[in-house]
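Each chain, written out:
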Amino acid sequence: MFTTHAQATRRVRPQLRTLLIVLVALLLTGAAGAPAARASAPRFQIFLPVLQSASAGPGLQTQEQRSRAEEVVRLVNLERARAGCAALTIDLDLVEAAQLHSADMADRNYFDHTGSDGSDFVARARAAGYVGAPGGENIAAGYPTPADVLDGWMDSTGHRANILACDYTTIGVGYAFNTASTFDHYWTQVFGR
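Here goes a summary of the coordinates provided. None of these values were measured; they are calculated from a predicted model. (Residues numbered from 1 in each chain as written. Predicted model: local features only at pLDDT ≥ 70, side-chain atom pairs only at ≥ 80, totals over all residues. Heavy atoms only, no water.)

Digging into the sheet that holds strand 1 (residues 89-90)
Taken in spatial order, the four strands of this open sheet run 1-3-4-2, and their pairing is mixed. Strands at the two margins of the open sheet, each flanked by one partner only, are strand 1 and strand 2 (134-141). The pairing of strand 1 with strand 3 (residues 170-178) spans two bridges and is classified as parallel. Residue pairing across strands places Thr89 opposite Thr170, the latter belonging to strand 3. Its contacts with the sheet put helix 3 (residues 92-108) on strand 1, strand 2, strand 3 and strand 4 (184-192), and the angle it makes with strand 3 is roughly 25°. (Pairing = 2+ DSSP bridges. Helix = DSSP H or I, 4+ residues; strand = E, 2+ residues; numbered from the N terminus. Contact = heavy atoms within 4.5 Å. Axes fitted to C-alpha atoms, helices over the stretch in contact; angles between N-to-C directions.)

Pasting the structure below:
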């Protein structure tokens, strides 16, 4: 006996409808139980791999992290324009390197250019797939906003020099937040050519 497409569709649609109802019910049940789950969850968040990069998978930053990173880039480019330098473009491989380093510092509660695995910014950029020439790295901790961290970097001779290096053409910015760590907020900029 043959089943037509119309007959098969009529049988499948009720099953899909039932599945959707079950999924919605589970989501609503999960949402209702979320406050209790939040109360027992740790008081920190580590932002692990969000961005559309082939090497980064489905994403490397949350929307909040991406917004903060993009604001840092915007502020950096304003400073560069004042100094007569061309604007930097965001490179997703450098974003991956920067984000993973910020998350590592926040997760492992340290603050250093050397990663917990002994890597430097060049090795991290290469591991993320960056094919250009990594030029420099700025890190910061404890600054709650993009404007605050940029002010801190601009008040530091070495960090300012990285931001205003006219031969740099690309940038990646990472941000992680963890209230269980010493500084809460961890920032990384990686520059490239």
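Let us keep going from here.
Things to note about the packing of helix 2 (residues 63-82) against helix 5 (residues 146-154)
At a closest axis distance of 9 Å, the pairing of helix 2 and helix 5 adopts a crossing angle of 40°. Judged by the inter-axis angle, helix 2 sits oblique to helix 5. Regarding helix 2 and helix 5, the two cross each other, and that crossing is right-handed. Residues Arg68, Glu71, Val72, Leu75, Val76 and Glu79 of helix 2 form the contact with helix 5, whose own contacting residues are Pro146, Ala147, Val149, Leu150, Trp153 and Met154. By residue class, the composition of the contact of helix 2 with helix 5 is nine nonpolar, no polar and three charged. (Parallel < 35°, antiparallel > 145°, perpendicular 65-115°, else oblique. Left-handed = near helix turned anticlockwise from the far one by under 90°. Nonpolar A, V, L, I, M, F, W, Y, C, P; charged D, E, K, R; others polar.)

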